[in-house]
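# Structural characterization, general
The primary structure of each chain is shown beneath.
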Amino acid sequence: MVLKIFFPQCCNRADSGLLVGRWISGHDSAVVLAVIHYPFIPGQVKQYIQQMQAQSGVELSVLGSWSLPKDGQEGMESFLRDLSTIFPQKRWLQINREMGKTGFTCQILNRDQTAAAGAGGEEEKVIFVHYEQRKVMLSQLHPIENGVPDPKTEAIFVSLTCSSSPLVQMFHTVAHNQPLFFLDKYDDGPLKSTHWQSEGREASIIVELLKQASVPLCLLIGWLLSIWTWICNIRIFSLYPLRFLFSKLSTCVQLSYRTEHMRALSSVKPATGHTQFMRKANILVSFLVDVALGMLLIWWLYRDNHITMLANTLVPAADHVAKELEELLQWLMGAPAGLKMNRALDQVLGRFFLYHIHLWISYIHLMSPFIEGILWYGGLSACLGLTFALSLLSDMVALLTFHIYCFYVYGARLYCLKIYGLSSLWRLFRGKKWNVLRQRVDSCSYDLDQLFIGTLLFTILLFLLPTTALYYLVFTLLRLVVVLFQGVLHLSVDFINSFPLFAMGLRICRSYRLAEGVKFRVLCEEPGTALHLLMEINPLKCSTVVQTYRTPTYSCYPKDSWAALVKKLFVGELIYPWRHKTTKTD
């Protein structure tokens, strides 16, 4: 049988005294948390342990004694050995270290005060696992199963009493005994101890002041959010046209998304667990970075009169795009690439699209006096964050290219009509028909008139298909260019909204805070002493951190697979490659 003793590195040179910690029930393991130095009064030690146990909620006890002989303390070892009668335990650890040696020797005493085994004993062996108390206390262990973090990590820490892993219980024991670490050997008190001592106790005053100031700030933000919610719930905004329009504008969707984030941040309830704390921290850091980038954008826009330059460039750019589209339509109305098209249909489609271009250019020139004002006031939205500016830019691109979208819809509907007409007539030739109720192809008998009309329509649609397909292909490519640009904007917004900046900062600067597991290496293996291992924390991989702590967003994801999108493009169905996906943010 092997007894594992988790021993803090900060106690390697502690003065002689008592070992305070916890026996891990069901396992031959013990966690040492601190060493209480001699002199001490046993009654005060018991009272102090009961007080710490009530505050931490973890069962603590005196595990045994720690002896580091010094001049004038020759009888200290036997004195500490006799203390096992005052602190009755099933097993009493008597750990000794000699000056000049790295390793420890350990004797395990039963209640009858007899030595059960030594460091090299035959009945029970001892392995010391040295750990860095600060890193273990501040780290969060993420059990990994099949390369993926367990989503119920926090539930595991809550129900550690029934956990079968001594390592998880060891992490839990150290993390939940922070009150024990407030007692320092330099404090004025009846007990002196050695353990890791936080260097930030003085900063706790600042933290408390920030906590006190955050309460009225959260109340103010909550009050402003309630007013904003009341405005949004006005009946006029609930009408179908406005509700439909707001659901399609990226700026409105981003505004509602940030509103939910502000509700989560303004909640006066403290974070109850690691997951909720990390979520709030990621949201806060993401919001601050978003606002900082937005302020940088405002500084650039309003410096050196860049808005006027953009306004003066926008109308000529629209004219240039219209001119290029007119030249493209003139090319399609001729003999594009030497192809012989149906002249009548070619002229009808070309003139129809040219008329739309002229209407759109007239609209742009009508709005040209107001463009600078729109850009000036629209640029102020960046003070709410760079994501608002990018969402507004996406909406502006959608409005400025609305004619291209119309061309795509017209061409796609006409092409789709012909494709489905040809497929239906092709089934007619084979004596088949589409059963709408059962969603399958069934056999059917047709008379001579139906076959004649079907042949005539099939011939007409087949010879008109190349002209329609050419227009559909050209305008679909133009639409995909616009969609690709908007997709880049949406993905940028999604990256800023969902990327866990706080968690990634912890992974880079304090890698031990997010632990995937531990690894061991031999620290000391001296003859006559127990085996000593050093426990080191394995940090989570960066990809795992992003996957675990990514903030849920409305986001933009492909609605279908690439094969499904290609199929829809081939048959002429309308596609919306980027959609708003609603996910829970609780």
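None of the values given here were measured: they were computed from a predicted structure.

Here we take up the overall build of the protein chain. Across its full length, the protein chain carries 17 helices and 18 strands. Per-residue burial over the protein chain gives 41% buried out of 586 residues. In the protein chain, once contacts between residues fewer than 6 apart in sequence are set aside, the share between residues at least 24 apart is 71%.

The next point concerns the packing of aromatic side chains. Taken as a whole and judged by the stated rule, the model has 20 aromatic pairs. An angle of 85° between the planes, with centres 6.2 Å apart, marks the rings of Phe 7 and Phe 128 as edge-to-face. With Phe 7 in strand S1 (residues 2-8) and Phe 128 in strand S8 (residues 125-131), the pair connects residues that are 121 residues apart, well separated along the chain. For Phe 128, a relative accessible area of 0% gives the class buried. Across the ring face of Trp 299, the terminal group of Arg 303 is positioned such that the distance to the ring centre comes to 4.5 Å.

Turning our eyes to something else, we now look at the packing of helix H8 (residues 250-266) against helix H14 (residues 448-498). Relative orientation of the contacting elements H8 and H14 amounts to 5°, with a least axis distance of 13 Å. When the axis of H8 is compared with that of H14, the two are roughly parallel. Contact residues: H8 offers Ser 250, Gln 254, Tyr 257 and Arg 258, while H14 offers His 490, Val 493 and Asn 497. When the residues that make up the contact of H8 with H14 are grouped by side-chain class, the tally is two nonpolar, four polar and one charged.

To continue, consider unusual backbone geometry. One non-glycine residue, Asp 304, lies in the positive phi region at around 60°. Take Asp 304: it is sitting in the loop between helix H9 (274-301) and helix H10 (306-333). With a phi angle near 60°, Asn 305 is a residue other than glycine that sits in the positive phi range. Among the structural elements, Asn 305 can be located in the loop between H9 and H10. Taking the relative accessible area as the measure of exposure, Asn 305 reaches 47% and is therefore partly exposed.

Turning to a nonpolar patch on the surface, a few remarks are in order. A cluster of nonpolar residues, Leu 217, Leu 220, Trp 223, Leu 224, Ile 227, Trp 228, Trp 230, Ile 231 and Ile 234, forms a patch on the protein surface that exposes about 890 Å² of accessible area. Relative to the elements of secondary structure, Leu 217 occurs in helix H6 (residues 204-232).

Here the focus is the confidence of the model for the protein chain. In low-pLDDT segments, the atomic positions of the prediction should not be examined closely. For the protein chain, the mean per-residue pLDDT works out to 78, and 83% of the residues sit at or above 70. Predicted confidence in the protein chain is weakest over helix H4 (residues 153-158), with a mean pLDDT of 40, and strongest over helix H15 (residues 501-509), with 89. The low-confidence segment residues 199-203 (pLDDT under 50) makes two contacts with residues lying over four places distant or belonging to another chain.

What counts, and where the lines are drawn
Residues numbered from 1 in each chain as written. Predicted model: local features only at pLDDT ≥ 70, side-chain atom pairs only at ≥ 80, totals over all residues. Heavy atoms only, no water. Helix = DSSP H or I, 4+ residues; strand = E, 2+ residues; numbered from the N terminus. Buried < 20%, exposed > 50% of the residue type's maximum accessible area, 1.4 Å probe, protein only. Contact = heavy atoms within 4.5 Å. Phe/Tyr/Trp six-rings, centres within 6.5 Å; stacked < 30°, edge-to-face > 60°. Lys NZ or Arg CZ within 6 Å of the ring centre and 35° of its normal. Axes fitted to C-alpha atoms, helices over the stretch in contact; angles between N-to-C directions. Parallel < 35°, antiparallel > 145°, perpendicular 65-115°, else oblique. Nonpolar A, V, L, I, M, F, W, Y, C, P; charged D, E, K, R; others polar. Patch = residues over 30% accessible without salt bridge, like charges linked within 9 Å, V, L, I, M, F, W, Y side chains within 5 Å. Areas by Shrake-Rupley, 256 points an atom, 1.4 Å probe, with all protein chains shown as cover. Salt bridge = Lys/Arg side-chain N within 4 Å of Asp/Glu carboxyl O. pLDDT = per-residue confidence, 0-100.

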